[in-house]
Amino acid sequence: MDELMRPLLSRTFLSGILIFASAASFATELKVPIMERASDGLDTCALGEVTDLKTGGDGFLAVRSGPGTEYEKIDEIFNGDRVWMFEQKGHWIGVAYGSDAITCSPISIDHPLDKPGKKGWVHENWIKIIAG
């Protein structure tokens, strides 16, 4: 191999590893899966919007890997962000967001949420139902 090509190939290989590692860390696995529920031909979710976050506070709503503060924070969403709400456990809502391809069409059997975009659990206090 040409001595000039070896450093170039090495840098290209390392760049590929870094891109893969970044993508893997971005796709944080939920500790508590969100379920999409079948319900007599009804849509499986509702559209909500993040609202009433205080500008003097943190300024974000924590998205968590499960329904509670004891679960890892995996993302942050902000006033005006829209989420698709699929499941509720206590005061926590399982949501999907960040994709225009999310649908709520009726399904025949319950299954873990497999929609595109990001997923996680948020506290209900800062979500206003828009439709559904």
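Just so you know, these numbers come straight off a predicted model, no measurement behind them.

Thresholds applied
Residue numbers here run from 1 along each chain, matching the order of that chain's written sequence. Totals for whole chains, interfaces and linings use every residue, but because this is a predicted model, local features are given only for residues with pLDDT of at least 70 and side-chain atom pairs only at 80 or more, for both listing and counting. As a convention, hydrogens and water are excluded, and side-chain values are obtained from all of the structure's heavy atoms. Confidence of the prediction at every residue is given by pLDDT, a number between 0 and 100. Here a residue-residue contact requires only that any non-hydrogen atoms of the pair lie within 4.5 Å. Salt bridges are identified by distance alone: a Lys or Arg side-chain nitrogen within 4 Å of an Asp or Glu carboxyl oxygen. Helix and strand assignments follow DSSP, with helices taken as H or I runs no shorter than four residues and strands as E runs no shorter than two, numbered in order from the N terminus. Joining through side-chain atoms within 4.5 Å is the link that ties buried Ala, Val, Leu, Ile, Met, Phe, Trp, Tyr and Cys residues into a set, and such a set is a nonpolar core. For the exposure calls, accessible area comes from a 1.4 Å probe over protein chains only, and a residue counts as buried if that area is under 20% of its type's maximum, exposed if over 50%, partly exposed in between.

## What to know about the confidence of the model for the protein
Link 1 in the chain: Per-residue confidence for the protein gives a mean pLDDT of 82; residues scoring 70 or more make up 77%.
Link 2 in the chain: Low pLDDT, under 50, characterises residues 7-26; the stretch is placed with two contacts to residues that sit more than four places away or in other chains.

## Details of the pattern of salt bridges
Link 1 in the chain: Under the criterion given, the structure shown has seven salt bridges.
Link 2 in the chain: Salt bridges sharing common partners tie together Arg37, Glu87, Lys89 and Asp110.

## Re the side chain of Ser65
Link 1 in the chain: Within the secondary structure layout, Ser65 lies in the loop between β3 (61-64) and β4 (73-77).
Link 2 in the chain: Setting aside anything within four residues of it in sequence, one finds Ser65 in contact with Glu29, Leu30, Lys31, Val32, Tyr71, Glu72, Ile74 and Trp121.

## Let's talk about the environment of Leu53
Link 1 in the chain: Mapped onto the elements, Leu53 comes out in the loop between β2 (46-50) and β3.
Link 2 in the chain: Sequence separation of Leu53 and Asn79 is 26 residues, and the distance between their C-alpha atoms is 6.2 Å.
Link 3 in the chain: Not counting chain neighbours up to four residues away, the residues in contact with Leu53 comprise Gly59, Phe60, Leu61, Ile77, Phe78, Asn79 and Trp126.

## Focus on the nonpolar core
Link 1 in the chain: Counting residues in hydrophobic clusters, the biggest one holds 13 residues, and the most contacted among them are Leu61, Ile77, Val83, Met85, Val95, Val122 and Ile127.
Link 2 in the chain: Among the secondary structure elements, those contributing two or more residues to this core are β2, β3, β5 (82-89) and β6 (92-97).
Link 3 in the chain: Top element by residues in this core is β6. It accounts for three residues.
Link 4 in the chain: Residues in contact with Ile77, not counting those within four places in the same chain, are Val50, Leu53, Phe60, Leu61, Val63, Val83, Tyr97 and Val122.
Link 5 in the chain: Judged by nonpolar contacts, the second largest core, of eleven residues, contains Cys45, Phe86, Ile102 and Trp121.

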